[in-house]
Amino acid sequence: LEKEALQKIEDADSLKELQDVRVAYLGKKGPITEVLKGMGGKLSKEERPVIGELANTVRGNVAEALNRKKADIEAVELEKQLAEETIDVTLPGRPVPTGGPHLLTSIVEEIEDLFIGMGFEVREGPEVETDYYNFEALNLPKGHPARDMQDSFYITEDILLRTHTSPVQARTMNMIKGERPVKMICPGKVYRRDTDDATHSHQFTQIEGLYVDKHVQMSDLKGGVLDRFAKQMFGEDREIRLRPSFFPFTEPSVEMDISCKVCHGKGCSVCKKTGWIEILGAGMVHPRVLEMAGYDPDIYSGFAFGMGPERIAMLKYGVDDIRHFYTNDIRFLKQYHQA
Ligand code: FA5
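For clarity, every value in this text was computed on a predicted model and none was experimentally measured. (Residues numbered from 1 in each chain as written. Predicted model: local features only at pLDDT ≥ 70, side-chain atom pairs only at ≥ 80, totals over all residues. Heavy atoms only, no water.)

> Any chance you could explain the overall build of the chain here in plain terms?
The secondary structure content of the chain amounts to twelve helices and nine strands. By the compact-globule yardstick of 20 Å for 339 residues, the chain is too spread out, its C-alpha radius of gyration being 40 Å. Residues classed as buried in the chain amount to 40% of the 339 residues present. When the accessible surface of the chain is totalled, it reaches about 19,300 Å², and 53% of it is carbon and sulfur. Across the chain, 44 positive and 55 negative side-chain charges occur, with their mean positions spaced 3 Å apart. (Helix = DSSP H or I, 4+ residues; strand = E, 2+ residues; numbered from the N terminus. Rg over C-alpha atoms; globule rule 2.2 N^0.38 Å. Buried < 20%, exposed > 50% of the residue type's maximum accessible area, 1.4 Å probe, protein only. Areas by Shrake-Rupley, 256 points an atom, 1.4 Å probe, with all protein chains shown as cover. Lys, Arg positive; Asp, Glu negative; His and termini not counted. Charge placed at Lys NZ, Arg CZ, Asp CG, Glu CD.)

See below:
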């Protein structure tokens, strides 16, 4: 019986065949199990241990041979599989198409890096804002005529989509409660009921800046920050000019134009007539805004500014229509992907 089983094991050349042999010889109904089961009734007391030992030895030998053969077959199959699945590393690869950052994302990151280099930290605030932070904390009480400068999307009487990033300066100062200086920028989306045209969008981006400390002056704003920003962003040959303006949250207030001496393609048409283009509003933080946020205006002073990165990108890269940023024509976007 043992010989016969060992021969069948030897002849098996698949795991399936081997399993059949295992079932046939060692299974519940196999001959060896049958012998062991039947020992009680048929054999004498003296025969039982002899036959039992023999049956167990046969069972052990057959099981061992089965395991050995199983390992052999598995090794052969693995070998075969490895040979079949060999990868030819010399074949040329298929290129995987990759995206890249949107031009607007790149310009915002570039501006952030520039201000981080000047010691500003980056903060964020909510796009759905309360009337208090969007207007009141910025010296624009209800009914103030200057609210009309920023036509708004209201959600309820007291909640709106922020019309500028200036609420983040109010929130930041409020959080610090006038206890220490603050130097921050805040990039983010803003919303206005403006009619869309080549330079206006109803949803656009702003980057707010705020610096409050003891003895901060207008000259720090102009020479220390805005001029440096313009030169680093657009090149040493660029000039800036500040024009008097009005914002209820700054006094005095200015708007900053940048010279268009170096022109890039169609973008020139934006400022060709005057040679200047407006890119931001700024000023010295109004004492009442400082006071409302918990700063003593006799000790602290500060400046703030708010710029439109779309207009900056238009100027820098010669984009002639702000709507290109939002219509997502892949041919337009691809031109600005860096390799
Ligand atoms: C403001 O929003 C002020 N909060 C800026 C400010 C901050 C002044 C801090 C003083 C101190 P203004 O409405 O001018 O200002 O907008 C600022 C910039 O946003 C503009 O110079 C322009 O670059 C951009 N901008 C304004 N409206 C639009 C629009 N509809 N589409 C695209 N960009 C716009």
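Now that the structure has been shown, the text picks up again.
> Help me understand the packing of aromatic side chains, please; the structure alone is not making it clear to me.
The geometry of two aromatic rings is summed up by the distance between their centres and the angle between their planes. Applying the stated criterion across every chain, the model contains 13 aromatic pairs. Aromatic side chains Tyr132 and Tyr133 sit 5.1 Å apart centroid to centroid with 75° between the ring planes, which places their arrangement in the edge-to-face category. Residue classification places Tyr132 among the partly exposed positions, given a relative accessible area of 35%. Take Tyr133: its relative accessible area is 16%, and that puts it in the buried class. Between Lys183 and the ring centre of Phe120, over which it is positioned, the NZ or CZ distance is 5.1 Å. Between Lys183 and the ring centre of Tyr211, over which it is positioned, the NZ or CZ distance is 4.9 Å. (Phe/Tyr/Trp six-rings, centres within 6.5 Å; stacked < 30°, edge-to-face > 60°. Lys NZ or Arg CZ within 6 Å of the ring centre and 35° of its normal.)

> Quick question: what am I supposed to make of the confidence of the model for the chain here?
Low-pLDDT portions of the prediction should not be read for the details of their coordinates. Per-residue pLDDT for the chain averages 90, and the proportion of residues at 70 or more is 95%. Scored by ipTM, the complex comes to 0.98, with pTM at 0.73. (pLDDT = per-residue confidence, 0-100.)

> Hey, could you run me through a nonpolar patch on the surface in this one?
Taken together, the side chains of Val128, Ile155 and Ile159 present a nonpolar region at the surface, about 240 Å² in accessible area. Val128 sits in the partly exposed class, given a relative accessible area of 45%. (Patch = residues over 30% accessible without salt bridge, like charges linked within 9 Å, V, L, I, M, F, W, Y side chains within 5 Å. Salt bridge = Lys/Arg side-chain N within 4 Å of Asp/Glu carboxyl O.)

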